[in-house]
Amino acid sequence: MSELDREVRPKHFIQQIIEQDLQDQKHTSIRTRFPPEPNGYLHIGHAKSICLNFGLAATYHGECHLRFDDTNPEKEDQSFVSSIQEDVQWLGFQWDGSVRYASNYFEQLHQYAVDLIEKGLAYVCFLNAEETRAYRGSLTETGRSSPYRDTAVADNLALFEQMRQGQFSEGHCVLRAKIDMASPFMCMRDPVLYRIRFAEHHQTKDTWCIYPMYDFTHCISDAIEQITHSLCSLEFQDNRRLYDWILQNISVPATPHQYEFSRLNLEYTLMSKRKLSELVDNQWVDGWDDPRMPTIAGLRRRGYTPAAVRDFCQRIGVTKQENCVQMNVLEACIRDDLNVNSPRAMAVLDPVKVVIENFTGEPESLSAPCHPDTPAMGQRSLPFAKTLWIDRADFKEEANKKYKRLVLGKEVRLRNAYVIQATRVDKDAEGHITCIYAQYDPATLGCAPTDGRKVKGVIHWVSAEHAQPAEFRVYDRLFKVSQPDANTLAESLNPDSLIVKQGYAEPSLVNAAVGKAYQFEREGYFCLDKQGNSDQLIFNRTVALRESWTD
RNA sequence: AGGGAUAUCGCCAAGCGGUAAGGCAGCGGGUUUUGAUCUCGCCAUUCCCAGGUUCGAAUCCUGGUAUCCCUGCCA
């Protein structure tokens, strides 16, 4: 882990609980787990949970398991179990022991269900889904007992075995816990423990036709793995009563405890797998790893580093408060990382030609530092010649004195090169500038003009004959509104979330590796996209530089 | 009288009875061959509201208010 991970923050409530437990000798060491369901790609909200669980294990010298909560075969897939493992490792974490699956415990889970039946605490219920809902009552009315609630233990045992043997059709019956139909916690009104699904499971194939529900599976899996602190999000607060009830009524080797924290919300994006897949399915984005997506894969392709994502998770904290974090926090994290770690280069995204009329003879090879503050990062060579590209926004025929770039008749510094003065321009029929003519001062390489002239502006450039044509993908927020409404996603999409520009990159960039970050000076941080090739470089803008001027 | 949670700066977030940390954003000054970085300074007499206890309350008590979650054979 890098420097960024070491920043000290006050201890959050879960760390306080753990330290108390350790001090009270409730545990001699801790064990956490990250329990994704393999039904989608991981996003930055998961990163918060991953950093929390693995981070806790690391700071208290405990362990953290990776366990797939794979109890719903119809929605899950092996491809997701693979991508999830990649993403966790990319973030810089390694689970203890082998990858676990709740499905590893199906046999034990089944036995615990039998135990519950034998204790008279579970029964096979033949009410259908609608009837079950009606019998459950409402938030303000108690529920009614299922007519199957008092079936004899021996009958329930036989019926449950028939369920397992595939003798009932899907939906014909379920196994339910016998708890309390009048409980103010809806999840305690005889919750379903097992349902029938003739679906092939990505791990257990066709071994089972009954699958355990989350509430039954999760607590028992935690107990089997001897998890000490089982962390989940706020919406499971009520479910904690069921978590505890199940563990109290069976004989398991440990009693884990569940603690809830608030999930991450980020402005101008979404954090729900369902809504994210809607974006993908409707092709509103390029796929799960579209650089505009808040998925780990999207952030990675965008140019975010694991250290920056970890830093972000550190900065946002862990509490039980509902929250919506501003994008600028995430951006500050990646800028902090890339500012010190990325080499500098020059690229012109919106090119206009400049001809240095008094530059004669062969092109020169200039040398420029890869990082202004870190000489150890070395130098790169920069060809300088008579014809250059600069950015259109860096030239004006006239401007007020706040404008610190090239103005007709005035001087500007070409970054890492000479001072030039604009003398005249060519325009096309519509009046657009097609070429800027300039004079350069050969005595200004690496030093200020000797006569004391002050040149306040500095602009970037590339040599036209040496530069590499390149495509630049400039990204912005995915949605126009800070908290998009799930029902009107299409209307709130930002039409300018991707702007493609064709320009030129300095020649050293032909050797850029996919994903490696560069700072294109005065433009922002960019990395090469996987879609390009040596003929067509494609760069994704990770984030712009902070810009703090007003014209 | 359903239940479970949460309310501290624009956004995160410390604070745990001794007189409001920090980060991001913002605003001013300095340095600068990136309008970046770096650097210096400013940025809650007040903690959802109202009472109460106390020498002393964001922290304790009482009563309100607001917001989120819970009636899948999803997780």
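Residues numbered from 1 in each chain as written. Chains lettered and ligands numbered in written order. Predicted model: local features only at pLDDT ≥ 70, side-chain atom pairs only at ≥ 80, totals over all residues. Heavy atoms only, no water.

A.B. asks: An account of the sheet that holds strand β25 (residues 517-520) is needed here, citing residue identities and associated values.
C.D. replies: A sheet is described by the order of its strands in space; here seven strands give the open sequence β10-β25-β26-β27-β23-β24-β11, paired in mixed fashion. At either margin of the open sheet sits one strand with a lone partner, and together these are β10 (344-345) and β11 (347-348). Bridge count between β25 and strand β26 (residues 524-528): four bridges; the pairing is antiparallel. Paired with Tyr518 across the bridge in β26 is Phe526. Packed onto the sheet, helix α12 (residues 327-341) meets β10, β25, β26 and β27 (537-544) and runs at close to 120 degrees relative to β27. (Pairing = 2+ DSSP bridges. Helix = DSSP H or I, 4+ residues; strand = E, 2+ residues; numbered from the N terminus. Contact = heavy atoms within 4.5 Å. Axes fitted to C-alpha atoms, helices over the stretch in contact; angles between N-to-C directions.)

A.B. asks: Describe in detail the protein's contact with RNA strand B, supporting the description with residues and values.
C.D. replies: The environment of RNA strand B is formed by 71 residues, the closest being Thr71, Arg344, Arg415, Gln519 and Ser548. Counting only the atoms of RNA strand B that lie within 4 Å of the protein, the sugar and phosphate share comes to 66%. Measuring from a phosphate oxygen of RNA strand B, one finds a backbone N or O atom of Tyr214 at 3.0 Å. Elements supplying a minimum of two residues to the surface near RNA strand B: α5 (129-136), β6 (192-196), α8 (239-248), α11 (306-316) and α12. Looking at the surface near RNA strand B, its residues break down into 26 nonpolar, 22 polar and 23 charged. (Near = heavy atom within 4 Å. Polar contact = N/O pair within 3.5 Å; in protein donor to acceptor, adjacent residues only side chain to side chain. Nonpolar A, V, L, I, M, F, W, Y, C, P; charged D, E, K, R; others polar.)

A.B. asks: Give a detailed account of the packing of aromatic side chains, specifying residues and quantitative values.
C.D. replies: Geometry of an aromatic ring pair is reported as the spacing of the ring centres plus the angle between the planes. According to the stated counting rule, one finds 24 aromatic pairs in the structure shown. Pairing Phe106 with Tyr211 gives two aromatic rings, centres 5.8 Å apart and planes at 70 degrees, and the pair type is edge-to-face. You can see Phe106 sitting in helix α4 (residues 106-118) and its partner Tyr211 sitting in strand β7 (residues 210-212), a full 105 residues away along the chain. By relative accessible area, Tyr211 is classed as buried at 0%. One aromatic cluster is present, formed by Phe359, Phe384, Tyr418, Tyr440 and Trp461 through successive ring pairs. Here Arg477 stacks its cationic end above the ring of Tyr268, 3.6 Å away from the centre of that ring. A cation over a ring is seen here: Lys516 above Tyr518, with NZ or CZ 5.4 Å from the ring centre. (Phe/Tyr/Trp six-rings, centres within 6.5 Å; stacked < 30°, edge-to-face > 60°. Buried < 20%, exposed > 50% of the residue type's maximum accessible area, 1.4 Å probe, protein only. Lys NZ or Arg CZ within 6 Å of the ring centre and 35° of its normal.)

A.B. asks: Which residues make up the pattern of salt bridges, and what values do they have?
C.D. replies: This model, assessed by the stated rule, comprises 32 salt bridges. For Glu225, the salt bridge goes to Arg67, with nearest N and O atoms at 3.2 Å. With Glu225 in the loop between α7 (214-224) and β8 (229-233) and Arg67 in strand β2 (residues 63-68), the pair connects residues that are 158 residues apart, well separated along the chain. With respect to class, Glu225 is no different from Arg67; both count as buried. In this structure, Lys178 and Asp150 form a salt bridge, with 3.7 Å as the shortest nitrogen-oxygen distance. With Lys178 in the loop between β5 (174-177) and β6 and Asp150 in the loop between α5 and α6 (153-164), this pair connects stretches of sequence that are 28 residues apart. (Salt bridge = Lys/Arg side-chain N within 4 Å of Asp/Glu carboxyl O.)

A.B. asks: I'd like a rundown of the domain arrangement of chain A, residues and numbers included.
C.D. replies: Split by domain assignment, chain A resolves into domain 1 (106-214), domain 2 (267-341 + 469-551) and domain 3 (345-463). Once you take the C-alpha centre of each, domain 1 and domain 2 turn out to be 45 Å apart. (Domains from an automatic or database assignment.)

A.B. asks: Requested: an account of helix α3 (residues 78-90), with residues and values cited.
C.D. replies: The first and last C-alpha atoms of α3 sit 19 Å apart over 13 residues, in line with the 18 Å expected at 1.5 Å per residue. Every buried residue of α3 is accounted for by Phe80, Val81, Ser83, Ile84, Gln85, Asp87 and Val88. Among the structural elements, β1 (31-34), α2 (44-59), β2, β3 (100-101) and α10 (296-302) are those in contact with the buried residues of α3. Directly beyond the C-terminal end of α3, a positive phi value near 105 degrees is found at Gly92. (Expected span 1.5 Å × (residues − 1).)

A.B. asks: Residue-level account of the pairing of β2, with values.
C.D. replies: In terms of residue burial, β2 counts as a mostly covered element, since five of its six residues are buried. In this sheet, β2 lies alongside β1 in parallel orientation, the contact comprising four bridges. Within the sheet, the bridge partner assigned to Thr32 lies in β2 and is Cys64. Of the strand pairs in this sheet, β2 and β3 are connected by two bridges, and their pairing is parallel. In the sheet register, Arg67 faces β3, and the bridge partner there is Arg100. Remark: the β2/α3/β3 crossover connection has right-handed handedness. (Right-handed = clockwise from strand over helix to strand, strands pointing away.)

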